[in-house]
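What the coordinates show
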Amino acid sequence: LWMPPSAIAKAAAAAAAATRSSGDAGITVIKSSGGGPMPYAATSSDPICFEYINTGVCGRLQRGEICRYRHLDASHPDVIADRVRQGKLPASALAAPGGGGEQSVLALATAAAAAA
């Protein structure tokens, strides 16, 4: 139920007055938190937010909307696997050279982002 701020203030004042006189008014005023929109709680099978991967910012979240896609870093294994599937990275990116160090995977992901 939406109420204009003036009605909320009146209801809160009435509740405070009733509480002082009877102890319990039965009215609870709930204020929304000032936090921004939160990303959708996605699972590993949900699609990836490509705008977030490519720019580091999700326009949907900035507009106050809910984004149903996953927001992953460019070095996340799911992002690298997706880029390999799309042909934007070589298959060797999945078998990280040098013993699977995170630095080499991050370097490949950064190079792919720069090339895209």
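Everything that follows concerns the structure shown earlier in this document.
Throughout what follows, the structure given in this document is the object of discussion. Counting restarts for each chain: residues are numbered from 1 in the order of the written sequence. Where local features are concerned, this predicted model is filtered to residues with pLDDT of at least 70; where side-chain atom pairs are given and counted, the filter is 80 or more; whole-chain, interface and lining totals use all residues. Values shown for side chains rest on all heavy atoms present in the structure; no hydrogens or waters enter the calculation.

Glancing now at the overall build of the protein. Secondary structure elements follow DSSP: runs of H or I of four or more residues count as helices, runs of E of two or more count as strands, with numbering from the N terminus. Helix and strand content of the protein: six helices and zero strands. Taken from N to C terminus, the helices and strands of the protein fall in the order α-α-α-α-α-α. When accessible area is computed with a 1.4 Å probe and restricted to protein chains, residues below 20% of their type maximum are described as buried, those above 50% as exposed, and intermediate ones as partly exposed. Residues classed as buried in the protein amount to 19% of the 116 residues present. Sequence-distant contacts, at least 24 apart, represent 36% of the contacts inside the protein between residues at least 6 apart. To be clear on the numbers: accessible area is Shrake-Rupley with a 1.4 Å probe, and residue cover counts the displayed protein chains and nothing else. Accessible surface for the protein amounts to roughly 8100 Å². Of this, 58% is attributable to carbon and sulfur atoms. A contact between two residues is defined here by any heavy atoms of the two lying within 4.5 Å.

Among the residues of helix H4 (residues 77-85), those classed as buried are Val79, Ile80, Asp82, Arg83 and Val84. Immediately beyond the C-terminal end of H4, within one or two residues, lies glycine 87, with a positive phi of roughly 80°.

Below, the discussion takes up the environment of cysteine 49. Here cysteine 49 shows up in the loop between helix H1 (5-22) and helix H2 (50-55). Sequence separation between cysteine 49 and cysteine 67 is 18 residues; the distance between their C-alpha atoms is 8.0 Å. With residues near it in sequence (within four places) discarded, cysteine 49 still touches Cys58, Arg60, Cys67, Tyr69, Arg70 and His71.

Here we take up the side chain of aspartate 82. For aspartate 82, the position within the fold is in helix H4. We define a polar contact as two N or O atoms separated by no more than 3.5 Å, with the added condition that, inside protein, one atom must be a possible hydrogen donor and the other a possible acceptor, whereas residues neighbouring each other in sequence contribute only through side-chain atom pairs. At a separation of 3.1 Å, a polar atom in the side chain of aspartate 82 contacts the side chain of arginine 85. If we ignore the near neighbours within four places in the chain, the residues touching aspartate 82 are Ile48 and Phe50.

Two side chains with opposite charge may pair up if their charged atoms get near one another. Salt bridges are counted wherever a side-chain nitrogen of Lys or Arg sits within 4 Å of a carboxyl oxygen of Asp or Glu. Evaluated as defined, the whole model comprises three salt bridges. Across the salt bridge formed by glutamate 65 and arginine 63, the nearest N and O atoms sit 3.4 Å from each other. Its salt-bridge partner being aspartate 78, residue arginine 70 comes within 2.8 Å of it at the nearest N-O pair. A relative accessible area of 10% means that arginine 70 is categorised as buried.

Read these as spatial facts, not as claims about activity.
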